[in-house]
Amino acid sequence: MDDWKDREVLIVGGGIGGLAAALALARRGIAAQIIEQAAEFKEIGAGIQLGPNVFWMFEALGLVEPVSALAVFPDNLIMMDSITGEEVTRVPLRGAFRRRFKHPYALIHRADLHQVLLAACRKSARIRLDAGQKVVDVEETADGVSVTTAGGKAYRGAALIGADGIWSMVRQIVVGDGAPRPAGHITYRAVLPTAEMPEKFRWRDMVVWAGEKVHLVHYPLRTGDLFNLVAVFHSNRYEEGWDSYGDPAELYERFAQTCEPVRTLLAKIESWRMWVVCDRPPVKDWSRGRITLVGDAAHPMLQYLAQGANMAIEDAVCLADKVAEHDGDYPAAFRAYPLARYLRTGRVQIMARVYGEFFHAGGVAKELRNMMLGARTPEDHIAGVEWLYSEPKELTRRTPAAAMVS
Ligand SMILES: Cc1cc2nc3c(=O)[nH]c(=O)nc-3n(C[C@H](O)[C@H](O)[C@H](O)COP(=O)(O)OP(=O)(O)OC[C@H]3O[C@@H](n4cnc5c(N)ncnc54)[C@H](O)[C@@H]3O)c2cc1C
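About the criteria used
- Numbering of residues starts from 1 in every chain and runs along the sequence as written.
- Owing to the predicted nature of the model, reporting of local features is limited to residues with pLDDT of at least 70; listing and counting of side-chain atom pairs is limited to 80 or more, with chain, interface and lining totals taken over all residues.
- Calculation of side-chain values draws on the structure's entire complement of heavy atoms; hydrogens and water are dropped beforehand.
- Residue burial is assigned from relative accessible area. The probe radius is 1.4 Å, only protein chains are included, and a residue is buried under 20% of its type maximum, exposed over 50%, and partly exposed in between.
- In this description a helix means any DSSP run of H or I spanning at least four residues, a strand means any run of E spanning at least two, and both kinds are numbered starting from the N terminus.
- Strand pairing is assigned whenever DSSP detects at least two bridges linking the two strands.
- A crossover counts as right-handed when, viewed with the strands pointing away from the observer, the path leading from the first strand over the helix to the second turns clockwise.
- In these notes, residues near a molecule or strand are those with any non-hydrogen atom within 4 Å of it.
- Definition of a polar contact: a pair of N or O atoms within 3.5 Å, with one able to donate and the other able to accept a hydrogen when the atoms are protein atoms, and with sequence-neighbouring residues admitted only if both atoms are side-chain atoms.
- Every accessible area reported is derived by Shrake-Rupley at a probe size of 1.4 Å, with residue values counting cover from the shown protein chains alone.
- Note on residue categories: nonpolar means Ala, Val, Leu, Ile, Met, Phe, Trp, Tyr, Cys or Pro, charged means Asp, Glu, Lys or Arg, and polar means any other residue, Gly included.
- Helix axes are fitted to C-alpha atoms over the stretch in contact, other axes to C-alpha atoms as well, and angles between N-to-C directions run from 0 to 180 degrees.
- The rule is short: rings of Phe, Tyr and Trp, with Trp giving its six-membered ring, pair when the centres are within 6.5 Å, and they are stacked under 30 degrees, edge-to-face over 60, tilted in between.
- Throughout this description, the term nonpolar core refers to a set of buried Ala, Val, Leu, Ile, Met, Phe, Trp, Tyr and Cys residues connected via side-chain atoms within 4.5 Å.
- Contact criterion: two residues are considered in contact whenever any of their non-hydrogen atoms come within 4.5 Å of each other.
- Roughly parallel here means an angle under 35 degrees, roughly antiparallel means over 145, roughly perpendicular means 65 to 115, and every remaining angle is called oblique.
- By convention, the crossing between two helices is left-handed when the near helix turns anticlockwise from the far helix through less than a right angle, and right-handed when the turn is clockwise.

J.: Would you take a moment to explain the pairing of strand β1 (residues 9–12) for this structure?
T.: Along any regular strand the residues' side chains alternate between the sheet's two faces. Burial of β1 is two-sided: the residues V9 and I11 facing one way and the residues L10 and V12 facing the other way are all buried. Here β1 runs beside strand β11 (residues 159–162); their pairing, made up of four bridges, is parallel. Across the sheet, residue V12 finds its bridge partner in β11, namely G162. Bridging between β1 and strand β2 (residues 32–35) involves four bridges; their strand directions are parallel. Residue pairing in the sheet places L10 in a bridge with Q33 of β2. For the segment spanning β1, helix α1 (residues 16–27) and β2, crossover handedness is right-handed.

As structure tokens, then:
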């Protein structure tokens, strides 16, 4: 009997992780209720990079086509030295890379990815979506969960998923490890219409200009209509939130030592949004009874491997698989799910910090970086990312798609 599937799973947070979790459950026939604090379901922010690994999840969720229709498929990942202006290394993304990883590397506007997930959720009769409801209290009972919102609304369900991001309140109930850890870095981001991007930098590549304690990233978005710019520098400032105003004067001062092309690109932007970068050290378990976490609530990571959203979507598929495998025994499924995930997500959390050190290296460390990366062949590059971009077999060995509810 599959009656248990009709009792809703409550999902706190309607970001990329929460929507993906609802969709993955619904594809297994399991009902879900998403509860989002914002007045409407939408994403702020700019670009997001998608590794070939997440396309296996899009296959499972039936989303390869709509995502691909909105994505740009870059030719290379390039690292430039932002002091000398010289190329350090490039990873070609077509040819051998594509043959090895089967799926592409892609760039997409965060709002577009969110919209694709939202549209799929809205199409499903198994998913209900409520916006404008901030969850303030979560309780577990013998056979279910209940939550209360700031406006006094109550929800009951069979289990609960905290998909409430890096400042997760659900995490405090499950893991209880306080505030996330500031990395000592500040990020400024902006989106520029391609017409305003200097012609010589309109590359169809994902480019990192690495400098001492600073770096700049740019890549095309929206089938080439826009460019995404992200500038990062070291700072001790701490401010919670994702969307504060960023003072350009501070940015120019931090990037004063960089080469002319980098400063030219920074000067193109009039209005920056900024936020303080945080993560947490990996933990082994992020479930308690009928409550678990996905995405940044479970394993927040620095953005330097460009995998936070990718990991959230992988979590969603894994979690739904475990619930289906355990036939609705949520405590057992929620024990099995972090066990299947923590070594992979922990590795990404740790390696993202290492990449940050690489991007910001100075002195001897920078010389070594340039020398080591510069000597790499395309085969070396592929070998270096196999652990991350290969088919995540533990997630793709599942019931055939025919058994899914679309
Ligand atoms: C500069 C930067 C660049 C990045 N680039 C990439 C990239 O290239 N590729 C990649 O994969 N990842 C990238 N990431 C990471 C990625 O953005 C995150 O990992 C991802 O958005 C996490 O999704 P989430 O759903 O877990 O959390 P969020 O996107 O934070 O969503 C959480 C949701 O929960 C809601 N919420 C919170 N509290 C409550 C509450 N109490 N009640 C109800 N709702 C609540 C919030 O309003 C929000 O909608 C980047 C991050 C940064 C900072």
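J.: Please clarify how the site of the ligand should be interpreted in this entry.
T.: For the ligand, the set of nearby residues contains 29 residues, the closest of which are E36, Q49, R110, D296 and N310. Contact between the ligand and Q49: an oxygen atom at 2.7 Å from a main-chain N or O atom of the residue. A309 is positioned with one of its backbone polar atoms (N or O) 2.8 Å from an oxygen atom of the ligand. A total of 1000 Å² of accessible area belongs to the ligand in isolation, and the protein chains cover 89% of it. Mapped by element, the contributors of at least two residues to the shell around the ligand are α1, β3 (47–50) and α9 (308–325). Class assignment of the residues belonging to the shell around the ligand gives a composition of 10 nonpolar, 13 polar and six charged.

J.: Whenever I open this one, the sheet that holds strand β9 (residues 145–149) confuses me. Can you help?
T.: The strands that make up a sheet are held in pairs by hydrogen bonds between backbone atoms, and each pair lies either parallel or antiparallel. Read across the sheet, three strands follow the order β8-β9-β10 without closing on themselves; strand pairing throughout is antiparallel. Each edge of the open sheet is held by one strand with a lone partner, namely β8 (135–140) and β10 (154–157). Averaged over all neighbouring strand pairs, the angle between strand axes comes to 20 degrees, with direction disregarded. In the sheet, β9 pairs with β10 via four bridges, with the strands oriented antiparallel. Each residue of the ladder has a partner; that of T148, found in β10, is A154.

J.: How should I be thinking about the packing of aromatic side chains in this particular structure?
T.: For the structure shown, the criterion picks out 15 aromatic pairs. Members of the aromatic cluster, joined through ring pairs, are F97, F101, Y105 and Y389.

J.: Got a minute to help me understand the nonpolar core in this structure?
T.: Nonpolar side chains in soluble globular proteins generally cluster together in the buried interior. Counting 72 residues, the largest nonpolar core has I11, L50 and L113 as the members making the most contacts within it. A per-element tally of this core places α1 first, with nine residues. L50 has contacts with F55, F58, V67, P104, Y105, A106, I108, L113 and N310, leaving out every residue within four places of it along the chain.

J.: Is there a simple way to think about the environment of E260 in this case?
T.: Tracing the sequence through the fold places E260 in helix α8 (residues 260–267). Sequence separation of E260 and I313 is 53 residues, and the distance between their C-alpha atoms is 39 Å. Side chain to side chain, E260 and T264 meet in a polar contact 2.5 Å long.

J.: Looking at this structure, I do not really get the packing of α9 against helix α10 (residues 330–359). What am I missing?
T.: The relative placement of two packed helices is expressed as an angle between their axes plus a distance between the axes. Contact geometry for α9 and α10: axes closest at 9 Å, N-to-C directions at 150 degrees. In terms of their interaxial angle, α9 and α10 are classed as roughly antiparallel. By crossing handedness, the relation of α9 to α10 is classed as right-handed. On the side of α9, the interface is formed by M311, E314, D315, C318, L319, K322 and V323, while α10 contributes Y330, A333, F334, A336, Y337, A340, R341, R344, T345 and V348. The residue makeup of the contact of α9 with α10, split by class, is 11 nonpolar, one polar and five charged.

Keep in mind these values describe shape, not function.
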